Amino acid sequence: MWYFASPLIVFGDDALEHLNGIEGKRALVITDHNVVKLGFVERVGKELAKAGLEYHVFDEVEPDPSVQTIKRGAQVALDYQPDWLIGIGGGSVMDAAKAIRVLYARPDVEPNAINPSEILNLRQKAQLVAIPTTSGTGAEVTWMIVVTDVESQRKTGVASRETMADVAILDTSLVMGLPPRITADTGMDALTHAIEGYTSNWRSDFTDAPALIAIKRIFEYLPRAYNNGSDIEARRHMMYGATLASMSFGNAMAGLAHSMGHALGGLFHTPHGRAVGLFLPYTMEYLSEAAANLYSDIARFIGISGDSDLEATRALVAQVRQLSKSLNQPLSVHEAGIEKTAYDKALPGLVERAESEATTITVSRIPDSAELERIFRYAYEGKPVDF
Ligand SMILES: [Fe+2]
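Trainee: I'd like a rundown of the sheet that holds strand β1 (residues 8-12), residues and numbers included.
Mentor: On the basis of which strands lie adjacent, the open sheet formed by 6 strands has the order β1-β8-β5-β4-β2-β3 and parallel pairing. The open sheet has two free edges, formed respectively by β1 and β3 (54-58), since each of these has just one partner strand. Between one strand axis and the next, the sheet turns through 20° on average, direction left out of account. Two elements, strand β5 (residues 127-132) and strand β8 (residues 167-171), share 2 bridges in a ladder whose sense is parallel.

And the structure:
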């Protein structure tokens, strides 16, 4: 038995107006200082006022939200007793909102101990709305949460299907001002989600369908959104494409580029999307024979031809590198600005971290430690994986 989970998705250039039709008494808006400064929280407040709801703002979420911040947010919720929680921001804010809802309904649960086998019964207490202000993380439709423990300096990925938002609002006007670098990083994250979702061992028809459309849209519209941020058509397709990509990987699991990207990000603080996008072509090369039938599906769907599955796969990998290049993304770890000596020294730790990721066991060829180390070395030099 398998499941495909998704919130209600509200989309459009005016989707935020959905909020003026919700029923309730009080809403807690969870966000960060930057989103407040952009005026988005004020817009949310106006819609809530039209719906007759009072609201309170918790704007203390930091990048990579900590256990401590989540607990503070939950305390604010416990004091205010909202019937709606509204997370508006990037992946960190939406993850924090998901975790705050867990603790609001279940103050006995530790944020980094959330797990899929425990029944939490969250929905009676409050409904959760997730509103992304970037196009890539997909946290608005996934049920995973990344929690950081400041004291032990460790990031933990926790998951329970119940943490998923009830409503995801995709309003194009919220992503129009994203700077090119963030557009590129988050866009490459979305592409990686879709390609890894499509090639995961846990894939299904339900995850294949959104992945293919997402990949097609991202190849077409990411360069446009990067080159001209006010191209509303490109922004709209990137926003929807990123959510579709996450509907795929969120239900099917991501893959090796995420394992390696998380490891790199953990030790060198490389932004998530830049790190996973960097490793994507190398991991595709490593998996090219084992998953040639799947990569070639993708290639043909986006109009790349090849005499054999393997040839189409290679052409797809070339297309991924070409896309990264057109966005001025680093094509190797060296280009990402990481010193060779520091990288060499960190290699055992990178391999150990990548190996312990759940996304390493859902791919069609599972690397051992020595192979992972080789992929890390090839990616440093920018050398295509040939083994
Ligand atoms: Fe990702």
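Past the structure itself, the notes keep going.
Trainee: Tell me about the coordination of the iron ion, and please be specific about residues and values.
Mentor: For the iron ion, the protein coordination sphere consists of D189 (OD), H193 (NE2), H258 (NE2) and H272 (NE2), at 2.1 to 2.2 Å. Around the iron ion sit 4 donor atoms, and with donor-metal-donor angles ranging over 85 to 166° the site reads as irregular. Counting the intervening residues between successive donors of the iron ion yields the motif D-x3-H-x64-H-x13-H. Taken together, the residues H258 in helix α8 (residues 256-268) and H272 in helix α9 (residues 272-286) connect sequence positions 14 residues apart. Owing to a relative accessible area of 3%, H258 belongs among the buried residues under this scheme.

Trainee: So what's going on with the packing of aromatic side chains? Which residues, and what values?
Mentor: Summed over the entire model, instances satisfying the criterion amount to 7 aromatic pairs. Pairing F279 with F376 gives two aromatic rings, centres 5.5 Å apart and planes at 85°, and the pair type is edge-to-face. Highlighted residues: F279 in helix α9 and F376 in helix α13 (residues 369-381), separated in sequence by 97 residues. The residues F279 and F376 share a single accessibility class, namely buried. Seen from their ring centres, Y343 and Y380 are 4.9 Å apart, and the 35° between their planes marks the pair as tilted. Taken as a pair, Y343 in helix α12 (residues 340-355) and Y380 in helix α13 lie far apart in primary sequence, 37 residues in all. Given the relative accessible area of 5%, Y380 is considered buried. Grouping aromatic residues by their ring pairs yields a cluster made of F268, Y343 and Y380. Directly above the ring of Y80 sits R26, whose terminal nitrogen or CZ lies 5.8 Å from the centroid. For K383, the ring lying beneath its charged end belongs to Y378, and the centroid distance is 4.4 Å.

Trainee: Hey, could you go over α12 for me, with residue numbers and the actual values?
Mentor: In this model α12 runs 21 Å from its N-terminal to its C-terminal C-alpha over 16 residues, within 8% of the 22 Å that 1.5 Å per residue would give. Of all bends in α12, the biggest is about 50°, found at A346, and the proline P348 comes one to four residues later. Within α12, burial applies to Y343, A346, L347, L350, V351 and A354. For α12, the elements touching its buried residues are α8, α9 and α13.

Trainee: Lay out unusual backbone geometry in plain terms, naming residues and giving numbers.
Mentor: A positive phi is found at M253, a non-glycine position, where the angle reads about 90°. Given a relative accessible area of 16%, M253 falls into the buried group.

Trainee: Provide a residue-level description of the side chain of S259, including the pertinent values.
Mentor: Tracing the backbone through its elements, the reader meets S259 in helix α8. Leaving out residues up to four positions away in the same chain, S259 has contacts with A354, E357, T359 and T360.

Trainee: Can you break down the packing of helix α5 (residues 180-199) against α9 residue by residue, with the values?
Mentor: Between α5 and α9, the least distance of the axes is 7 Å, while the angle of their chain directions is 40°. For the element pair α5 / α9, the angle class is oblique. The interaxial crossing formed by α5 with α9 has left-handed handedness. For the pair formed by α5 and α9, the contact residues are R181, D185, M188, D189, L191, T192, H193, I195 and E196 on the first element and H272, G273, R274, V276, G277, L280, T283 and M284 on the second. Across the contact of α5 with α9, the residue classes break down as 6 nonpolar, 6 polar and 5 charged.

Trainee: Tell me about the pattern of salt bridges, and name the residues and values.
Mentor: Applying the stated rule across the entire model yields 20 salt bridges. Note that R106 and D108 form a salt bridge whose closest N and O atoms lie 2.9 Å from each other. You can call D108 exposed: its relative accessible area is 55%. For E285, the salt bridge is made with R321, and the minimal N-O distance between the two is 2.8 Å. Remark: R321 occurs in helix α11 (residues 309-326) and E285 occurs in helix α9; sequence separation between them is 36 residues. One network of salt bridges, in which partners are shared, links K340, D344, E373 and R377.

Rules used in this analysis
- Residues numbered from 1 in each chain as written.
- Predicted model: local features only at pLDDT ≥ 70, side-chain atom pairs only at ≥ 80, totals over all residues.
- Heavy atoms only, no water.
- Pairing = 2+ DSSP bridges.
- Helix = DSSP H or I, 4+ residues; strand = E, 2+ residues; numbered from the N terminus.
- Axes fitted to C-alpha atoms, helices over the stretch in contact; angles between N-to-C directions.
- Donors = N, O, S within 2.8 Å, 3.2 Å for Na, K, Ca; no water.
- Tetrahedral: all angles 85-135°; square planar, octahedral: opposite > 155°, others 65-115°.
- Buried < 20%, exposed > 50% of the residue type's maximum accessible area, 1.4 Å probe, protein only.
- Phe/Tyr/Trp six-rings, centres within 6.5 Å; stacked < 30°, edge-to-face > 60°.
- Lys NZ or Arg CZ within 6 Å of the ring centre and 35° of its normal.
- Expected span 1.5 Å × (residues − 1).
- Bend = angle between axes of the 7 residues up to and from the residue.
- Contact = heavy atoms within 4.5 Å.
- Parallel < 35°, antiparallel > 145°, perpendicular 65-115°, else oblique.
- Left-handed = near helix turned anticlockwise from the far one by under 90°.
- Nonpolar A, V, L, I, M, F, W, Y, C, P; charged D, E, K, R; others polar.
- Salt bridge = Lys/Arg side-chain N within 4 Å of Asp/Glu carboxyl O.

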